[in-house]
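# Summary of the model geometry
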Amino acid sequence: MERIVVRGGRPLIGTVRISGAKNAALPIMAAAILTDSPSVLHRVPRLTDVATISTILRALGVSAEWIGPDSLRLVPSRNGPVEAPSHLVRQMRSSICVLGPLLAMRGAARMATPGGCVIGDRPIDLHLKGLNALGARIEINGAHISGRADRLRGTSIDLKGPYGSTVLGTANVLMAAALAEGRTLIKHAACEPEVQDLARFLNGCGAHIRGIGTPTLVIEGVKSLHGTEHTIIPDRIEAGTFLAAAASTGGEITLEGLRADHLRAVIEAMGRMGVEFHEAEDALTVRRPGPLQAIGLATSPYPGLPTDMQPQLSALLCLTRGISTVREGVHPCRFTHVGELQRMGARIVQGDGQTIIEGVGQLHGAHVTAADLRGGAALMVAALAADGETTISGVDQIDRGYQTLEERLTMLGADISRSEAPPAEQRHRKSA
Ligand code: EPU
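Worth saying up front: this structure is predicted, and the values here are computed from it rather than measured.

## Here we look at the overall build of the protein chain
- Tallying secondary structure elements over the protein chain gives 15 helices and 23 strands in all.
- Projected onto its principal axes, the C-alpha coordinates of the protein chain cover approximately 60 × 45 × 45 Å.
- Residues counted as buried form 58% of the 432 residues belonging to the protein chain.
- Working note: accessible area of the protein chain is about 16400 Å², and carbon and sulfur atoms make up 50% of it.
- On the protein chain, the mean spot of the 44 positive side-chain charges and the mean spot of the 42 negative ones are 5 Å from each other.

See below:
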């Protein structure tokens, strides 16, 4: 079990290249199940979540092999198994995105229910509603999902949920509808760039999807899909995390290979905090000319402020000298970072789906634990700015979504290292 040690207070300066988006790569990899010939994906991030979905795909008869530093070749098989290994599904909730492809391509699917996680309940009712509307028959028995489908048929489906649409639910229904007979209309489809990227990949495979990037997707089902070559979009959350890290340390960095248009809401929010941006083609420079300002934030589905940036921006707000409010409008329980930031001296009051942050100007080093991916990223942002040394445990959470993070932060001037946790700490975490 590893931990990261950060000696804070060094401004980040330099240039960093943004990786491909984890949340685009995972469903696109699952979509290979739908195809009848190989695909090659470029700009795939080397992350533990990508390794997990690769293992799941292999168990389902789809081979996933690296053929370059960030290029992955996926070779489907028409009649592979239909059961996704339970221990992997439980490890990574997003494995639910093999459900739609299995039903559409192989007529059956079996997997564990992904269950809740530290950021909330994470129900799948909208996934099931959409797939059942297409003609699948899905049953949940305790902790198991099993589904069958003969020929799926296009229909009209509304994916509106209590917190807007559902990203992976839209992905699941979109993938199944691509091979359904006739036309499917998805209302209240998620508009996130990662869903758009999946739709573009599917169209590259021969699907007919219109309305990409809008809340209404129209899919004319086709009989078969072939493989294609596709480059994954840049990771807007990785980019946003680097922006927050640079702003927390008062540095100046340039991000290359990103899509600034996917980060409008983050740029707008950080702009209100007093952070400056300079946009050039394919690059974005961020600097903090003066003290950070307290603001009100509210997350919402795209194009709103992404929930996956809320913890990192909350860490930044601890460094102001005023009162900020943060409303979490997508995952109302996503606050694992709060207690850990408090260990670093933050003053945060947590209520129902929201926090009030009294900026303390300066945080100090402490021993903290990442309980989830973005909560861990928030601790990193805080640690880089803090006085003294911060030890972050639970590094496996951070590794799920950020590749070579320490190497890249070191290149930007951070004092950061990774080491094995001492045996006593390992015993403690195993029993936790
Ligand atoms: N919801 C329902 N019913 C459903 C599905 C979702 O009520 O059937 C609710 C959820 O409980 C939640 C909200 O709708 O409150 C949004 O959930 P969504 O389904 O959109 O989340 P997801 O598709 O499971 C993806 C990302 C998350 C990101 C969310 C929201 C991937 C692999 N995961 O999850 O990313 O927070 O969309 O944008 O794409 C992360 O990268 O750290 C991460 C958690």
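## Some details on helix α2 (residues 48-59)
- With 12 residues, α2 extends 17 Å from end C-alpha to end C-alpha; this agrees with the ideal 16 Å at 1.5 Å per step.
- Within α2 the residues assigned to the buried category are Asp 49, Val 50, Thr 52, Ile 53, Ser 54, Ile 56 and Leu 57.
- At its buried positions, α2 is contacted by α1 (22-31), β4 (63-66), β5 (72-75) and α3 (86-91).

## A word on the layout of surface pockets
- Estimated volume of the second largest pocket: approximately 160 Å³.
- If you trace the second largest pocket, you find 13 residues lining it, with Ser 248, Arg 288, Leu 319, Gly 361 and Gln 362 closest to the centre.
- For the lining of the second largest pocket, the residue count by class is four nonpolar, seven polar and two charged.

## Some thoughts on the domain arrangement of the protein chain
- Segmenting the protein chain into domains produces domain 1 (2-19 + 234-431) and domain 2 (22-231).
- Averaged C-alpha coordinates put domain 1 and domain 2 at centres separated by 30 Å.
- Here domain 1 packs against domain 2, burying approximately 1900 Å² in sum over the two surfaces, 52% of which is carbon and sulfur.
- The largest contributions to the domain 1 side of the interface with domain 2 come from Tyr 302, Arg 400 and Gln 403, which together make up 29% of the buried area.
- Notably, a salt bridge pairs Glu 194 with Arg 236, separated by 2.8 Å at the nearest N-O pair.
- On inspection of domain 1 and its partner domain 2, the count reaches nine residue pairs in polar contact (both at pLDDT 80 or more).

## A short note on the environment of Ser 156
- Positionally, Ser 156 belongs in strand β9 (residues 156-158).
- With relative accessibility at 41%, the residue Ser 156 sits in the partly exposed group.
- Apart from residues no more than four positions distant in its own chain, Ser 156 is found in contact with Leu 185 and Lys 187.

Conventions and cut-offs
- Positions within a chain are numbered from 1, following the residues in the order the chain's sequence is written.
- Per-residue local features are limited, in this predicted model, to residues with pLDDT of at least 70; the limit for side-chain atom pairs, both in listing and counting, is 80 or more; totals at the level of whole chains, interfaces and linings are taken over all residues.
- Processing note: side-chain calculations cover all non-hydrogen atoms of the structure and skip hydrogens and water entirely.
- Runs of E in the DSSP output that reach at least two residues are strands. Runs of H or I that reach at least four are helices, and both are numbered from the N terminus.
- The rule is simple: take the accessible area with a 1.4 Å probe, protein chains only, and divide by the maximum for that residue type; under 20% is buried, over 50% is exposed, in between is partly exposed.
- To measure how exposed things are, a 1.4 Å probe is used in the Shrake-Rupley method; for residues, cover is taken only from the protein chains shown.
- When charges are counted, Lys and Arg are positive and Asp and Glu negative, with His and the chain ends excluded.
- The atom standing in for a charge is NZ when the residue is Lys, CZ when it is Arg, CG when it is Asp and CD when it is Glu.
- Multiplying 1.5 Å by the residue count of a helix minus one yields the expected span of that helix.
- Contacts are assigned to residue pairs that have any heavy atoms within 4.5 Å of one another.
- Only protein atoms enter the calculation, which uses a 1 Å grid: trapped sets of points that fit a 1.4 Å probe without letting it out are cavities, open sets showing protein on both sides within 12 Å along at least five of seven lines are pockets, and any residue with an atom within 4 Å of a point is a lining residue.
- Grid points are joined across faces, edges and corners, and a volume is the space filled by probe spheres set on the points.
- Each residue is assigned to one class: nonpolar for Ala, Val, Leu, Ile, Met, Phe, Trp, Tyr, Cys and Pro, charged for Asp, Glu, Lys and Arg, and polar for all the others, Gly among them.
- Domains are outlined according to an automatic or database domain assignment.
- Put simply, buried area is the surface a 1.4 Å probe can reach on two separate parts but cannot reach once they are joined, added for both.
- The rule for a salt bridge is simple: a side-chain nitrogen of Lys or Arg has to be within 4 Å of a carboxyl oxygen of Asp or Glu.
- Definition of a polar contact: a pair of N or O atoms within 3.5 Å, with one able to donate and the other able to accept a hydrogen when the atoms are protein atoms, and with sequence-neighbouring residues admitted only if both atoms are side-chain atoms.

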